[in-house]
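Now for the letters of each chain:
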Amino acid sequence: MTYQSHLVWALAASAALYPLPAPRNIEEGMVLAAWFALGALGGLLPDIDHPHSRIGRLIPVLPTILFKTTGHRGATHSIFGVLMSGALIYGVIWAVAGSAWAVLGAQAVMVGYGAHLAGDFITNRGVPLLWPLGGRMGLPITKTGSAAERGMTAFIAFSGVLVGVFSMGPLR
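Let us look at the structure shown here. Keep in mind the model is a prediction, meaning the values are calculated, not measured.

Things to note about the nonpolar core
Okay, step 1: With 14 residues, the main nonpolar core has Trp9, Tyr18, Trp35 and Met168 as its most contacted residues.
Okay, step 2: If you list the elements that add at least two residues to this core, you get helix 1 (3-17), helix 2 (26-44) and helix 5 (99-121).
Okay, step 3: Broken down by element, this core gets its largest block of residues, four residues, from helix 5.
Okay, step 4: In contact with Met168, not counting residues within four places along its chain, are Tyr18, Leu20, Pro21, Ala22, Pro23 and Leu32.

Structure representation (structure tokens):
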């Protein structure tokens, strides 16, 4: 999938899975904004294994190392990658803001990360979900950059916003 599609999928999943009630004040609104920002980060993180990806260009050495050792759509496109990203974000946020925020931040990143994997799962290349134990898995119903990808992304965006609006409850 393209990075734009990954962002949309991550934000849609973040909207649908926001675990708190609708914000009632500026502080709660900032928590919601942080949730979406971390979800978007999670939506791009799996592609850190490619030096030419959007996120890979921001970090100098790690993408090249990952690309040479596990290849694109290797370890970072697996359940292992989801768990490692959650643990890393948890540790960073815990060190700065404490454990309650760390749990919420790790959840947000993992939601976006999972959305990325779901998007790549439906492409013709699939993903190695059980890395390092097995090969690629997928439901090859679209190809990266295709009209089918754009159509599915539009459907996911609409669905995520719809579920998010109705699950958050009334705005006060």
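With respect to the environment of His72
Okay, step 1: Within the secondary structure, His72 is located in the loop between helix 3 (62-70) and helix 4 (79-97).
Okay, step 2: Judged by its relative accessible area of 21%, His72 is partly exposed.
Okay, step 3: When the C-alpha positions of His72 and Thr142 are compared, they lie 18 Å apart, and in sequence the two are 70 residues distant.
Okay, step 4: Not counting the four nearest positions on each side in its chain, His72 is found in contact with Asp47, Asp49, His50, Phe67, His77, Arg125 and Arg136.
Okay, step 5: Of the polar contacts made by the side chain of His72, one reaches the side chain of Asp49; its length is 2.7 Å.

Focus on the packing of helix 1 against helix 5
A pair of packed helices is characterised by two quantities: the angle between their axes and the separation of those axes.
Okay, step 1: Two elements in contact, helix 1 and helix 5, have axes whose closest approach is 8 Å; the angle formed by their N-to-C orientations is 130 degrees. Compared by their axis directions, helix 1 and helix 5 come out oblique. Crossing geometry of helix 1 relative to helix 5 is assigned as right-handed. On the side of helix 1, the interface is formed by His6, Trp9, Ala10, Ala13, Ser14 and Leu17, while helix 5 contributes Val111, Gly112, Ala115, His116, Ala118, Gly119 and Asp120.
Okay, step 2: The residue inventory of the contact of helix 1 with helix 5, partitioned by class, reads seven nonpolar, five polar and one charged.

Calculation rules
Residues numbered from 1 in each chain as written. Predicted model: local features only at pLDDT ≥ 70, side-chain atom pairs only at ≥ 80, totals over all residues. Heavy atoms only, no water. Core = buried A, V, L, I, M, F, W, Y, C linked by side-chain atoms within 4.5 Å. Buried < 20%, exposed > 50% of the residue type's maximum accessible area, 1.4 Å probe, protein only. Helix = DSSP H or I, 4+ residues; strand = E, 2+ residues; numbered from the N terminus. Contact = heavy atoms within 4.5 Å. Polar contact = N/O pair within 3.5 Å; in protein donor to acceptor, adjacent residues only side chain to side chain. Axes fitted to C-alpha atoms, helices over the stretch in contact; angles between N-to-C directions. Parallel < 35°, antiparallel > 145°, perpendicular 65-115°, else oblique. Left-handed = near helix turned anticlockwise from the far one by under 90°. Nonpolar A, V, L, I, M, F, W, Y, C, P; charged D, E, K, R; others polar.

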